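So the chains spell out like this:
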Amino acid sequence: MKYAIVSDIHGNLEAFRAVLEKCGQLGVNQYICLGDTVGYGADPSACLQLLRSLNPLAVVKGNHDEFASNDDEVMEGFNPHARAAVLWTKSQLSADEREYLARLPLRMSPRGTKLTVVHATLDSPDSWGYIFDSHHAADNFAYQYTLLCFCGHSHVPLAFCKKPVLMHSGKPIEEITDWAMHGETDFTRETYAEIFIQNGFKYLVNVGSVGQPRNRDPRASFAVYDDEKMVITRYTIPYDIATAQAKIRAAGLPERLATRLEVGG
């Protein structure tokens, strides 16, 4: 079975469509979404409809999904650009779409899989914390009872492995640095990185963002997990950034939300 793991689509229909086209080429069987389908981008409803049409195996709630579906207009912790985007997004969603987002769980372990999925962190999913290093990863691993955990939220692809207790050499938790694909400069082509799953280890994987990357790589990022070959592959896909930017500007959303797409930051 091949599972596509997507996160932080953020209303970017051009990026989402490019990712789904690649998923079709790869023969993906099931889709899992790690939250924040809406927010920032100009096509929240279209992205949500497209996601639902895939009959995804699992979808969890992100912080933008939360605030786009409730009546909180203060949005403590949100910067002015994010808050403006959520207020606009609310006006674009139907009552049914907002109810769908409101009902989403904060974390899931899909039946029949060895996966746990969450938008932010397993230890406190409703606090919307971030995982940026092995110390944060350790907190998450303490609540991870499955082989794999996929998360999003930071828009920065990171991966960590936790070694079996019997392995005493080195650090018990290590970052898998190749996953981040540092040093890429040609953003016009597709690239990929792989993690080969080892028995006895646990893995925590941030798949990056489809619709608003923040790792200085503007391409859409997502992952595919092949549970037969026991490999996770992260793909970076070029997409029509100019059209996504034009839609943001036409909607009257903050200019920052358009300009950051081209720099991936």
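Refer to the preceding data block for the structure.
A brief structural summary. (Residues numbered from 1 in each chain as written. Predicted model: local features only at pLDDT ≥ 70, side-chain atom pairs only at ≥ 80, totals over all residues. Heavy atoms only, no water.)

### Structural notes on the packing of helix H7 (residues 241-250) against helix H8 (residues 255-263)
Thought 1: Their axes nearest at 8 Å, the elements H7 and H8 cross at an angle of 175 degrees. Between H7 and H8, the interaxial angle falls into the category roughly antiparallel. Note on element contacts: H8 touches H7 through Glu255, Leu257, Ala258, Thr259, Leu261 and Glu262, opposite Ile241, Ala244, Gln245, Ile248 and Arg249.
Thought 2: Tallied by class, the residues present in the contact of H7 with H8 amount to six nonpolar, two polar and three charged. (Axes fitted to C-alpha atoms, helices over the stretch in contact; angles between N-to-C directions. Helix = DSSP H or I, 4+ residues; strand = E, 2+ residues; numbered from the N terminus. Parallel < 35°, antiparallel > 145°, perpendicular 65-115°, else oblique. Contact = heavy atoms within 4.5 Å. Nonpolar A, V, L, I, M, F, W, Y, C, P; charged D, E, K, R; others polar.)

### Side note on the nonpolar core
Thought 1: In terms of nonpolar packing, the biggest core is built from 47 residues, with Leu101, Val210, Phe222 and Tyr239 touching the most fellow members.
Thought 2: With eight residues, the single largest contributor to this core is helix H1 (residues 13-26).
Thought 3: Dropping the residues within four chain positions of it, Phe222 is found in contact with Ile5, Val6, Val19, Lys22, Cys23, Leu26, Val207, Val210, Thr233, Arg234, Tyr235 and Ile237.
Thought 4: Listed in part, the 24 residues of the second largest apolar core include Leu115, Leu147, Leu148 and Ala159. (Core = buried A, V, L, I, M, F, W, Y, C linked by side-chain atoms within 4.5 Å. Buried < 20%, exposed > 50% of the residue type's maximum accessible area, 1.4 Å probe, protein only.)

### What to know about the sheet that holds strand S2 (residues 30-33)
Thought 1: Spatial strand order, S3-S2-S1-S11-S12-S9: six strands in an open sheet with mixed pairing. The sheet is open, and its two borders are formed by strand S3 (58-59) and strand S9 (191-196), each paired with just one other strand.
Thought 2: Pairing between strand S11 (residues 220-226) and strand S12 (residues 231-237): seven bridges, direction antiparallel. Bridging across to S12, Phe222 finds its partner in Tyr235.
Thought 3: In this fold H1 packs onto strand S1 (2-6), S2, S11 and S12, with an angle of close to 30 degrees to the strand it touches most, S11. (Pairing = 2+ DSSP bridges.)

### Re the pairing of strand S10 (residues 202-206)
Look at any regular strand and the pattern is simple: side chains alternate between the two faces of the sheet.
Thought 1: Across the five residues that make up S10, a large majority, four, are buried.
Thought 2: Bridge count between strand S6 (residues 148-151) and S10: four bridges; the pairing is parallel. What sits directly across from Leu148, in S10, is Tyr203.
Thought 3: Of the strand pairs in this sheet, strand S7 (residues 158-162) and S10 are connected by five bridges, and their pairing is antiparallel. The partner of Leu158 across the bridge, within S10, is Asn206.

### Quick word on the pattern of salt bridges
Thought 1: Scanning the entire structure with this criterion turns up 12 salt bridges.
Thought 2: A salt bridge links Arg103 to Glu99; the nearest nitrogen and oxygen atoms lie 3.2 Å apart. You can see Arg103 and its partner Glu99 sitting in helix H5 (residues 95-103), four residues apart, about one turn around the helix.
Thought 3: Because the salt bridges share partners, they merge into one network encompassing Glu14, Asp43 and Lys247. (Salt bridge = Lys/Arg side-chain N within 4 Å of Asp/Glu carboxyl O.)

### Focus: the packing of aromatic side chains
Each pair of aromatic rings is reported with the distance of its centres and the angle of its planes.
Thought 1: For the coordinates displayed, the defined rule picks out seven aromatic pairs.
Thought 2: On the numbers, 6.0 Å between centres and 20 degrees between planes, the contact of Tyr3 with Tyr225 is stacked. Placement of Tyr3 in strand S1 and of Tyr225 in strand S11 is noted, with a sequence separation of 222 residues between them.
Thought 3: Between the aromatic rings of Phe67 and Phe78, the centroid separation amounts to 5.0 Å while the plane-to-plane angle is 70 degrees, which identifies the pairing as edge-to-face. With Phe67 in helix H3 (residues 63-69) and Phe78 in the loop between H3 and helix H4 (80-92), the pair connects residues that are 11 residues apart, well separated along the chain. For the pair formed by Phe67 and Phe78, the shared burial category is buried.
Thought 4: Through pairs of rings, three or more aromatic residues link up here, namely Tyr3, Phe150 and Tyr225. (Phe/Tyr/Trp six-rings, centres within 6.5 Å; stacked < 30°, edge-to-face > 60°.)

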